[in-house]
Amino acid sequence: MKTWALALAVCAGQAWADAPCGGVKLNAGAVELGAPPAPASALTAGDTACGKALAAALKGTGGIRSVTVAVRMSDADRSGGGGIAVAKAWAALLASEGIPAARISPVAPLLPAGEKPSVRFAYTEQKSARPVAAVVSSAGEVKTGPDAAGLKPSSTGTKLVPFDHVQTGTGGGARIAIADGSALEIKPDTLLRLGSIELNAQLKRSVRVDLLRGNMNVVASKGGEGSLFEVGTPLGLAGVRGTTFRIGTEGESMRLETLEGAVALKGPGGEVLVGAGQGAVLGADGTPSAPSVLPAVVEGLAPRRGPVGAAGLSWRAVPGAAGYVVEFARDAEFVREPRRERADGTSLPASAVPEGTSWWRVSAQDARGFSGPTSKVYRVTR
């Protein structure tokens, strides 16, 4: 069923073409504008009227879960982050008109050949409350809910539906199982949003997860032919097909480390394929770095189990390592009471090991900040 909406009051007899944007039409996820606005470095009065009209139309449906602002510009105009800056300006306008900012995704895709630069919009609606994921383990502060501004405390067993948010606090963590068999290991101080998650009997799947801030590890299951698994951030997109990788946002950059399979790292400034054992960074201008080799896996030496002696923990050196990251937790999945320690050498004093029973693993980190695969997981007591 098509929904038509005009956002601002239109005087009797006013022509459709005189309405903001030339008229706003919402049609099954597509926003059709009679006169799509052209990208500009600063929003005009006409752009503001158009944004108000669109926001009112979207709010009028009562079931909007996400909005995408896509600014298509020439490569020359998009360089230096110009495209994403315009998209963010439109996103801020919609947010000021009552569309939750956490539901708006500004992007700057490539301009198709023969197409004029424009600002386009799309949206998704909440059509089903059928659970598509669940919190299978959690520790510390974990909150979930449909709106980032009103999340409620959650725990193991909580069911999640499309466009739900998951947030972890300092020292918190969670593991999310998705219906397609994939898993998300959410680190502390992280906020993510489940997007559309669809499966069919032929195992063809479409999964979208938006990492709004923080870090997580992803184990994406293999889907059928034509399957899609994407992780978006405010800076770019990681598209995968059956792989294990780490992804995180750090200020104005996005970091990707692929442990298995391959991941396409995409931004307004280009795309690179990051294979197993490689890492890459997407900068503030949306341009991905060339993939580089991750440090090798670390072998833990002592203790691998049992009491931690006076010598503490030790491991074998990895060529080219600038340091090492040692992770601790109260469970082997590293969800309960996660903690990280950095070491310049190949040992960690006993005083840095948590008291009681804990699990530990270690990874090498190079001078660029990329971490290699972790060691095996060891269980010790102190």
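Overview of the structure.

Cut-offs and rules
Residues numbered from 1 in each chain as written. Predicted model: local features only at pLDDT ≥ 70, side-chain atom pairs only at ≥ 80, totals over all residues. Heavy atoms only, no water. Pairing = 2+ DSSP bridges. Helix = DSSP H or I, 4+ residues; strand = E, 2+ residues; numbered from the N terminus. Axes fitted to C-alpha atoms, helices over the stretch in contact; angles between N-to-C directions. Core = buried A, V, L, I, M, F, W, Y, C linked by side-chain atoms within 4.5 Å. Buried < 20%, exposed > 50% of the residue type's maximum accessible area, 1.4 Å probe, protein only. Contact = heavy atoms within 4.5 Å.

### Some words on the sheet that holds strand E10 (residues 159–160)
Taken in spatial order, the nine strands line up as E10-E7-E12-E13-E16-E19-E20-E23-E24 in an open sheet, and their pairing is antiparallel. The sheet terminates laterally at E10 and strand E24 (292–293), the two strands that pair on one side only. In this sheet, E10 lies alongside strand E7 (residues 133–139) in antiparallel orientation, the contact comprising two bridges. When the sheet's bridge partners are listed, alanine 134 is paired in E10 with lysine 159.

### Some thoughts on the sheet that holds strand E31 (residues 357–365)
Pairing is mixed across the open sheet formed by five strands, whose spatial order is E26-E32-E31-E28-E29. Taken across any chain shown, the strands that pair with only one partner, and hence form the sheet edges, are strand E26 (305–307) and strand E29 (339–343). Taking the axes of each pair of neighbouring strands and ignoring which way they run, one obtains an average angle of 25° across the sheet. Summarising the sheet, E31 and strand E32 (residues 378–381) pair through four bridges and their orientation is antiparallel. Bridge pairing links serine 358 to valine 380 in E32.

### A few points about the nonpolar core
Soluble, globular proteins show a tendency: their nonpolar side chains are buried together. Leu184, Leu192, Met216 and Val231 are the most contacted members of the largest nonpolar core, which has 35 residues in total. Aside from chain neighbours lying at most four places away, what touches valine 231 is Val209, Leu211, Met216, Val218, Gly236, Leu237, Ala238, Phe245 and Ile247. Among the nonpolar cores identified, the runner-up in size contains 28 residues, and Val71, Ile84, Val86 and Ile99 belong to it.

### Some details on the pairing of strand E12 (residues 173–178)
The sheet contact formed by E7 and E12 spans six bridges and is antiparallel. Counted as the bridge partner of serine 138 is alanine 174 from E12. Pairing between E12 and strand E13 (residues 183–186): four bridges, direction antiparallel. Note on E13: the bridge partner recorded for alanine 174 is isoleucine 186.

### A word on the environment of tryptophan 90
Tracing the sequence through the fold places tryptophan 90 in helix H3 (residues 82–96). Overall, the relative accessible area of 1% leaves tryptophan 90 in the buried class. In sequence terms tryptophan 90 and aspartate 47 are 43 residues apart; their C-alpha atoms lie 8.5 Å from each other.

### Points about unusual backbone geometry
With omega at -15°, the peptide bond leading from alanine 302 into proline 303 counts as cis. Within the secondary structure, proline 303 sits in the loop between strand E25 (300–302) and E26. Backbone geometry places cysteine 21, a non-glycine residue, at a positive phi of 65°. Of note, phenylalanine 163 is a non-glycine position whose phi angle comes to about 75°, a positive value. Mapped onto the secondary structure, phenylalanine 163 falls in the loop between E10 and strand E11 (165–168).

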